Amino acid sequence: MSNGRFRSRLSGISPELLEKVAAGSEEHVQQLFTTLDPQDCTIDVVKAVLKHLQLDLVPDVGGGEHDELPYPQNGRRALFSISILNHVFEACRRDWSLNEGVVELLMDWDCVEGLCLWANLLVHFGLSIPMGGTPSGDFQKAHFHHAKFFSDLLDVDPRVRSAFLTSPTFSKLLIRFWMATGKRKECFIDLDEAQGCPIVHLLLKLVSDDDGRQVLFDQIMNRPRQFAYEFAKTTVERFQRCASPRVRPTRAIAAVDGLIASTSLLVSDNTIKRRFIAAGYLGAIASSLYSIYQNIVDQEQYPTDLSMVLMIIRPFSKLFALASEGDYRIIGNWEELVKNNFMTLLVQVMLAIQPNDRASANVCIPILRHLSWQTVYPQILFTIISALAGGDSGSLLDHPLIRECWGPVSIILADRVRLFLAMPMDMGAGTLCDNPMCDFTCRLRTNTKPKKCSRCSCVVYCSSTCQKIDWDERHQVECRSAVAQRTSCRARNSWYSHTSTRPFHMALLASHYSKYYNRILDIYTASFPPETPDSFISNTAAVERRLHTHTIPVLNFASSIAPNGQVQLTLEGIHYLLSGERDRAMGLDFERYSGYLGRRYHEMLFAQRVLEVTVPTDSEEPLRTALIEGMFPQGDDTVITLTVKLEKRHVEGGEPIWEGVYSTVRFGCV
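Residues numbered from 1 in each chain as written. Predicted model: local features only at pLDDT ≥ 70, side-chain atom pairs only at ≥ 80, totals over all residues. Heavy atoms only, no water.

Comments concerning the overall build of the protein
In terms of regular secondary structure, the protein is built from 32 helices and eight strands. Across the 670 residues that make up the protein, the buried fraction comes to 53%. Entry remark: accessible area of the protein is about 29900 Å², with carbon and sulfur atoms responsible for 51%. (Helix = DSSP H or I, 4+ residues; strand = E, 2+ residues; numbered from the N terminus. Buried < 20%, exposed > 50% of the residue type's maximum accessible area, 1.4 Å probe, protein only. Areas by Shrake-Rupley, 256 points an atom, 1.4 Å probe, with all protein chains shown as cover.)

Structure follows, in structure tokens:
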């Protein structure tokens, strides 16, 4: 095999030129840059060039060394040397033996530090090749040029990538690229480059590496507290820049897609995530995607070019995943998205799907179903209704691929809005009391506002009288655990409102139970056939009594929506009511699932079973009380279980009407 010097002679790069380059001749370094072709690159060329990128040649800008000899000449040689390495990277892709030699040189710690520090110095002064008239005129170009250089360098070899990505100096350089701004304080993002913005590409490569991402997190968090927020704001600004009407939609969509990929990895750290939430990142992404859609419409490419609209599906689905993952502020995430036209854009994308494009429909339908589930939270319900008002969502009922999902969802939305509007002005908080013995007469006497435990805020009372009674009976034992649970929820920025959300959930579960009462009886009867003729349950009242000795699951994260808009009960939930494996079968950690209010749940269940025992077995009168529960997920791992005691009030049209009179909440982990 020929060595590097022999190949140099053959390629036209003379040993004399390389010797003068290695000796430090600025003129000859420039000559090598102008004459070098990738096929002329050898290991000798690389060694000669790297001599001018050594760590000890970098001046101390803070101390003013960059103005003192020989540092200005060092800087010019370094500028040409970095540009020469671009040819080297291209040659490495063609020549395996050259690649191995270059990798060995680039993995050296001094080389890593030297390259990063020299690039940091050059972008500080806006220097790149080709250079413009003044440093300020080249400032943005220099950032793009050097970001592209390091992006190409990371592709040379996985070993080189690892050496640079785990270097704190490299993370500092990346932060400089990301945080730099122009004369008008605008961040840098290249939306004219067909291959995408090199700064965005470089960030994505860094955060995609587990070790590199951690080094970046450390560099961000080691700076002043406000810096992480500024980093997040700069990211949000890049999303907003993509929404400019001057940007070609295809490039804007590609840029947003890359930014979402980077952001999803950045927010894997909850401390960083909180700063991004403060910067409104989810709303900014949703708003940017909607603006890009509007730009497509305004350019009169719609509806003739529906493929342009469908390109949004990829970043749109990534945004959906970004808002849904984890258990931090999940409800707030969806509220922020819907307020920024997420639902409106989803409708428009679904309308653009061709009748035979099942792949696109299969992406959108799960998002639609997930959104419909989130309407169990009043704040999201009305945000979605407001987003749909006056739009053309009704046209989805004519879409062959979407109508089977959209029809039931629209019915669910209408039913929940009617239920919400039928609630009292205080959302039912006035009839909510966590004292199990309360009959609300004390509140009628005192006419006071509902009280809440000042320590844990986890229990609510109709009056001070009930609060004192419940404190003596049970809450003083559970309050400390309740405070710990509240602290955990606040750390996740995910709290359950006992004065607004809980009354609505009570009404929602009672409404479902009333609506599906007969079906529940049918399922229960079919699930437990008599073992012998003597054990046959002889009348409906007896079936109901037996059913009502258990907590009946009405709504949970496995519930689905039938074509007629009914919420399908989870049959398995009723099938194993008598099974001791019930909680394990649902994938729940029972100890954590019972939560700090677990005692209240067991008291409710015990009282219900005692009531059933006191009724004669041959009685034709069914129990007028029932226990039901609904599960409301608040992320990947956290679930809130609301158990509601119902009373049968009266019958309308042959159907019983059940009303919630007491409830208790448990927090658990799936």
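Remarks on the pairing of strand β3 (residues 551-555)
Every regular strand shows the same layout, with side chains that alternate between the two sheet faces. Of all the five residues making up β3, five are buried; the element is thus mostly covered by neighbouring parts of the structure. Direction of pairing for β3 relative to strand β6 (residues 625-633): parallel, over a ladder of four bridges. Bridge assignment links L555 to a residue of β6, and that residue is G630. (Pairing = 2+ DSSP bridges.)

Thoughts on unusual backbone geometry
Backbone geometry places K185, a non-glycine residue, at a positive phi of 65°. Not every positive phi belongs to a glycine, and S457 is a case in point at roughly 55°. Note on placement: S457 falls in the loop between β1 (451-452) and β2 (460-461).

Quick notes on the packing of helix α20 (residues 342-352) against helix α22 (residues 378-388)
Contact geometry for α20 and α22: axes closest at 8 Å, N-to-C directions at 50°. Relative to α22, the element α20 is oriented oblique. The hand of the α20/α22 crossing is right-handed. Across the interface between the two elements, M343, T344 and V347 of α20 pack against I384, A387 and L388 of α22. Tallied by class, residues from the contact of α20 with α22 come to five nonpolar, one polar and no charged. (Axes fitted to C-alpha atoms, helices over the stretch in contact; angles between N-to-C directions. Parallel < 35°, antiparallel > 145°, perpendicular 65-115°, else oblique. Left-handed = near helix turned anticlockwise from the far one by under 90°. Contact = heavy atoms within 4.5 Å. Nonpolar A, V, L, I, M, F, W, Y, C, P; charged D, E, K, R; others polar.)

Thoughts on the pairing of β6
Among the nine residues that make up β6, nine are buried, leaving the element largely enclosed by the rest of the structure. On β6, burial covers both faces: T625, L627, E629, M631 and P633 on one face and A626, I628, G630 and F632 on the other are all buried.

Quick word on the pattern of salt bridges
For the structure on display, the rule yields 19 salt bridges. The closest approach of N and O atoms between D257 and R314, which form a salt bridge, is 3.0 Å. Linking D257 in helix α14 (residues 249-266) with R314 in helix α18 (residues 313-324), this pair joins segments that are 57 residues apart in sequence. Accessibility expressed as a relative area gives 11% for D257, which makes it buried. By relative accessible area, which is 51% here, R314 ends up exposed. Taking the shortest distance from any N to any O, the salt bridge between K339 and E335 comes out at 3.3 Å. Within this pair, K339 and its partner E335 are both found in helix α19 (residues 330-339), separated by four residues, close to a single helical turn. By relative accessible area, E335 is classed as partly exposed at 21%. One salt-bridge network, held together by shared partners, links D470, R474, E478, R600 and E603. (Salt bridge = Lys/Arg side-chain N within 4 Å of Asp/Glu carboxyl O.)

Quick word on the packing of aromatic side chains
Under the criterion given, the structure shown has 21 aromatic pairs. Three or more aromatic residues joined by ring pairs form one cluster here, namely F89, F149, F150, F164 and F170. Stacked on the ring of F227, the Lys or Arg R223 has its end atom at 4.9 Å from the ring centre. Lying over the aromatic face of W178, R238 brings its terminal NZ or CZ to 3.8 Å of the ring centre. (Phe/Tyr/Trp six-rings, centres within 6.5 Å; stacked < 30°, edge-to-face > 60°. Lys NZ or Arg CZ within 6 Å of the ring centre and 35° of its normal.)

Quick word on the side chain of T235
Mapping T235 onto the fold places it in helix α13 (residues 225-242). Among the polar contacts made by the side chain of T235, one reaches the main-chain carbonyl oxygen of F231 at a distance of 3.0 Å. Setting aside its immediate chain neighbours within four residues, T235 contacts W178, T263 and F276. (Polar contact = N/O pair within 3.5 Å; in protein donor to acceptor, adjacent residues only side chain to side chain.)

Some details on the packing of α13 against α14
For the pair α13 and α14, interaxial distance at closest approach is 9 Å and the crossing angle is 160°. By the criterion of interaxial angle, the relationship of α13 to α14 is roughly antiparallel. As α13 runs across α14, the sense of the crossing is left-handed. Residues F231, T235, R238, F239 and C242 of α13 lie in contact with α14, whose contacting residues are A252, A255, V256, L259, I260, T263 and L266. Among the residues making up the contact of α13 with α14, the classes are represented as nine nonpolar, two polar and one charged.

Section: the nonpolar core
Among soluble globular proteins, nonpolar side chains are generally buried collectively. The biggest cluster of nonpolar side chains holds 175 residues, and the ones touching the most others in it are L115, F150, F164, L319, F342 and Y513. Once residues lying within four places of it in the same chain are set aside, the contact partners of L319 are I260, L282, I285, A286, L289, L337 and F342. (Core = buried A, V, L, I, M, F, W, Y, C linked by side-chain atoms within 4.5 Å.)

The quantities given are spatial measurements derived from coordinates; they are silent on function.
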